[in-house]
Amino acid sequence: MYDGDIIDAHHHLWDLASGWYSWLTTDRPDEMVFGDPEPLARDYLIPDYLVDWDGLSLVKSVHITAAHAGADATAETRWLQDLAGAHGFPHGIVAGAALEQPDAEETLAAQAAFDNVRGIRQIVSWHENPRFNFSERADVMADTSWRKGFAQLVKYGLSFDLMLFPTQLPDALDLARAFPETRIILNHTGSPVDRDEAGLARWRDGMKALSTADNVAVKISDLCAYDHDWTVASFRPFVRDTIEWFGVERCMFASDFPVALLNGRARQIYSAFMEIVADLSGDEQRALFHDNAATYYRLG
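Residues numbered from 1 in each chain as written. Predicted model: local features only at pLDDT ≥ 70, side-chain atom pairs only at ≥ 80, totals over all residues. Heavy atoms only, no water.

Points about the nonpolar core
Note the cut-off: Among the buried residues, those of types Ala, Val, Leu, Ile, Met, Phe, Trp, Tyr and Cys that are joined through side-chain atoms within 4.5 Å form a nonpolar core. Burial classification: accessible surface area is computed with a 1.4 Å probe over protein chains only, and a residue below 20% of its type maximum counts as buried, one above 50% as exposed, and the rest as partly exposed. Only DSSP runs of H or I covering at least 4 residues are called helices, and only runs of E covering at least 2 are called strands; the numbering of each starts at the N terminus. It only takes one pair of heavy atoms within 4.5 Å for two residues to be counted as in contact.
Counting 89 residues, the largest nonpolar core has Trp14, Tyr270 and Phe289 as the members making the most contacts within it. In terms of residues, this core owes the most to one element, helix α8 (residues 266–276), which gives seven residues. Those residues in contact with Trp14, other than ones at most four positions away along the chain, are Tyr21, Trp23, Leu24, Leu40, Arg42, Asp43, Tyr44, Leu45, Ala66, Trp79, Pro258 and Val259. Counting 14 residues, the second largest nonpolar core, distinct from the first, contains Val62, Ile185, Ala217 and Tyr297.

Structure below.
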């Protein structure tokens, strides 16, 4: 099984005193799609993150914003850039921006000015179950004002991290085709939360269709958020089908720590990934665990 270097293409850090994470403090719900968020309501900083990777060869990481953007969307980015200067980690930053706002381009320009910023994430995940919602509307990707902001990403050399639910995969395909020069990185394997026959068919059909857009890559990450009693066998079809549809060259493994730690430890989760792809060539495995993240997030 793979025993080489790993780049974690998706994790979070937070300092709750900052006030940027109200979803963990003043507005914390009793349940979210991944379970009860209460155990996450603690500071999670670089030393905590590195301890959670003990026993695995983590060499670089990409931080994905989980903050609620306030008046200054760059505040979290400044903090993260300072952490990178002090600790080395994170090597890449995916910052936040409200693309529908009139000042979206100004925000993108400001975020792109930081050395480690590689992309933008604005969560669009909407589900008919309100406990799972991260967005107030299902059709954000079709909104004219939002697309106007999205159109500016390529100007600043920024990719877009796309987090959604499977019902929104058709809109994602339309977005990818409308902006073929913008690199889109789908989060969490398309968030396959609905495990009945209809829900799984919707995920499969949406993912297969989205794979036809060459500018879309996928992070195979936090499958345990949608499968709390997971096993290697239950992970396997989501991992292997995604790789089959998108190809090894457009897939990468990632952690989503600390969120994924609610339902597994690093060694458990990554051992499952390693076992599932153990039959692939050494180069293919290295691409999934290391090289593709370096390429898509321009980590050198």
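A short note on the side chain of Asn116
Structurally, the position occupied by Asn116 is in the loop between α3 (104–112) and β4 (117–121). The exposure class assigned to Asn116 is buried, which follows from its relative accessible area of 13%. Residues in contact with Asn116, not counting those within four places in the same chain, are Gln81, Ala84, Pro90, His91, Gly92 and Ile93.

Focus on the layout of surface pockets
Selection criterion: Cavity means a closed set of points on a 1 Å grid over the protein atoms alone, one where a 1.4 Å probe fits but cannot get out, pocket means an open set with protein on both sides within 12 Å along at least 5 of 7 lines, and lining means a residue has an atom within 4 Å of a point. Grid points are joined across faces, edges and corners, and a volume is the space filled by probe spheres set on the points.
Counted as a void, the largest pocket has a volume near 1000 Å³. Forming the walls of the largest pocket are 45 residues, and the residues nearest its centre are Ala67, His68, Gln122, Ile123 and Phe134. Elements with a contribution of two residues or more to the lining of the largest pocket: α2 (75–87) and β3 (92–96). Of all the elements, α2 adds the most residues to the lining of the largest pocket, at three residues.

A look at unusual backbone geometry
The residue after Phe89, namely Pro90, is reached through a cis peptide bond having omega -10°. Inspection of the secondary structure puts Pro90 in the loop between α2 and β3. The linkage connecting Phe257 with the following residue, Pro258, adopts the cis geometry, with an omega of 5°. A positive phi angle, near 50°, is found at Ser191, a position not held by glycine. Along the polypeptide, Ser191 turns up in the loop between β6 (184–186) and α6 (197–210). Judged by relative accessible area, Ser191 falls into the buried class, the value being 1%.

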